[in-house]
Amino acid sequence: MKPITYPTPILERYKLLFKEELEIFLKNCNKPLPSYIRANTLKIAPEQLKKRLEAKGWKVTLIPFYPDAFTVETEDTLGNTIEHFLGYYYVQDAASMLPPLILNPKPGEKILDLCAAPGSKTTELAQLMNNEGTIVANEADKIRSKALSLNIQRCGIINTIITKHVGQAFAKKQIEFDKILVDAPCSAEGTVRNDWKVPQYLSLKTFETLPKLQYELASAALTCLKKGGVLVYSTCTFAPEENEAVVHRLLENNQDLSIERIGLPGLKTRQGITNWKERQFNPQVKDCIRIVPYDNDTEGFFVAKLRKA
Amino acid sequence: MTTTLLSKQEKKRIFQLIKKQWDIDISKENWEWWISQEDKVYITNTQAGKTILTEAKNLFIENVGIYFGFFEKNTARLSIEAAQLLAPRINKNKVE
């Protein structure tokens, strides 16, 4: 297969970011991503799903940090099976399952998923809540919202309300949540193993424009977070401007905010970085986690867990 | 999408239709019932239902819960997901 080509300015950034691990990083980005699925426990027990898929000849292996999720090997198209149609599983990268797990919603809580489409994390939140409590799943884009609706329907989610607002509007909506997920729109560098063209879409301008939007979204979400509540901010990108820099700015402008340590047994993570180019970040950002593609054989991800005092 | 709470009479009619067609009593379910402008019936859990009627009043709601089914005068047509919810307790007209 033809190796991925990186525009020079992007490669220069990766040199700075991955340092002596650059070669391993680039080599691993060329490896196709394993197929991951998450059992929809609202409809089927994971063991039952495993048996059912194995009976069809699939190789199904539990992933180490999430008892509801599997890697699967099959000739079948994952999105075109009767089990998928019936909502028994959701096709989702293992790293993308992390933000809901880290948010750790409980049945009965009120949750906001600010950038919800296409619904992988919303449906995961709902199953973690056993379909109890309330999720407000917001999506500004009408077309993406359709996909969200379809996935919620397919998974049998009855604790969710889909709303259509630009995320920033929540700052003025006078509604409070116990926990909030901001899986922000990002440059998606971490999805390179899924789409080898990703580096070609990137430009340095992206890293200047997106952080503004990401900060505005997280900031608006904070205004509707209850005292003592938790906000998880995540992206699927490596860019410190979209990750630690956004969290740093949130900490600077919200004195009642602190970062909590994240630990998931069976998952290898890296600390958040505290400096990038000329910038120094709040030392607390070390407690954010970075997921690099070659540690857990997943996409790349960034997650921060913030608590409002 | 504009959804409104289903009236008591309408709910009663739907429960009776379901009872007649599948011999199952769903009147005690912890669900809130909604009807869209296209007469499609949706359900949420009661907590989400309460949020819709109170704090979420300021929000532009695109959709709620899941589409449960379409109920004509004498027939009920359930969505796949509604059928899955009811399947374990259905006593009549069950194929598999």
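Residues numbered from 1 in each chain as written. Chains lettered and ligands numbered in written order. Predicted model: local features only at pLDDT ≥ 70, side-chain atom pairs only at ≥ 80, totals over all residues. Heavy atoms only, no water.

**Structural notes on the packing of aromatic side chains**
With the rule as written, the count across this model stands at 15 aromatic pairs over all chains. Considering the side-chain rings of Tyr42(B) and Tyr67(B), the 5.7 Å spacing of their centres and the 55 degrees angle between planes classify their relative orientation as tilted. Residue Tyr42(B) is located in strand β3 (residues 40-45), and its partner Tyr67(B) is located in strand β5 (residues 66-71); the two are separated by 25 residues in the primary sequence. Here Tyr67(B) falls in the partly exposed class, since its relative accessible area comes to 21%. Each member of the aromatic cluster is reached from another via a ring pair, and the members are Tyr6(A), Tyr14(A), Phe18(A), Phe25(A) and Phe238(A). (Phe/Tyr/Trp six-rings, centres within 6.5 Å; stacked < 30°, edge-to-face > 60°. Helix = DSSP H or I, 4+ residues; strand = E, 2+ residues; numbered from the N terminus. Buried < 20%, exposed > 50% of the residue type's maximum accessible area, 1.4 Å probe, protein only.)

**Some points on the sheet that holds strand β4 (residues 89-91) of chain A**
Residue and element names in this part refer to chain A. One open sheet accounts for 4 strands, arranged β2-β3-β1-β4; its pairing is antiparallel. At either margin of the open sheet sits one strand with a lone partner, and together these are β2 (59-63) and β4. Sheet twist, expressed as the average angle between the axes of neighbouring strands with direction ignored, equals 35 degrees. The sheet contact formed by β2 and strand β3 (residues 66-73) spans 5 bridges and is antiparallel. Bridging from a neighbouring strand, Lys-59 pairs with Glu-73 of β3. Across the face of the sheet, helix α3 (residues 46-54) comes into contact with β1 (35-39), β2, β3 and β4 while running at roughly 10 degrees to β3. (Pairing = 2+ DSSP bridges. Axes fitted to C-alpha atoms, helices over the stretch in contact; angles between N-to-C directions. Contact = heavy atoms within 4.5 Å.)

**A closer look at the interface of chain B and chain A**
On the side of chain A, 32 residues touch chain B, which itself brings 24 residues to the contact. Buried surface at the junction of chain B and chain A, summed over both partners, amounts to about 2200 Å²; 54% is from carbon and sulfur atoms. Three residues stand out in chain B for area buried against chain A, namely Glu55(B), Leu59(B) and Glu62(B), and they jointly supply 25% of the buried area on that side. Run the count over chain B and chain A and you get 20 residue pairs in polar contact (both at pLDDT 80 or more). Elements represented by at least two residues in the side of chain B that touches chain A include exactly β3, α2 (46-53), β4 (61-64), β5 and α3 (80-86) of chain B. Taken together, the residues of the side of chain B that touches chain A break down into 12 nonpolar, 9 polar and 3 charged. Relative to β4(B), strand β7 (residues 160-163) of chain A runs antiparallel, the two sharing 3 bridges. Its bridge partner lying in β4(B), Ile161(A) is registered against Val64(B). (Buried area = accessible area lost by both parts, 1.4 Å probe. Polar contact = N/O pair within 3.5 Å; in protein donor to acceptor, adjacent residues only side chain to side chain. Nonpolar A, V, L, I, M, F, W, Y, C, P; charged D, E, K, R; others polar.)

Note that all results are geometric; they support no functional claim without further evidence.
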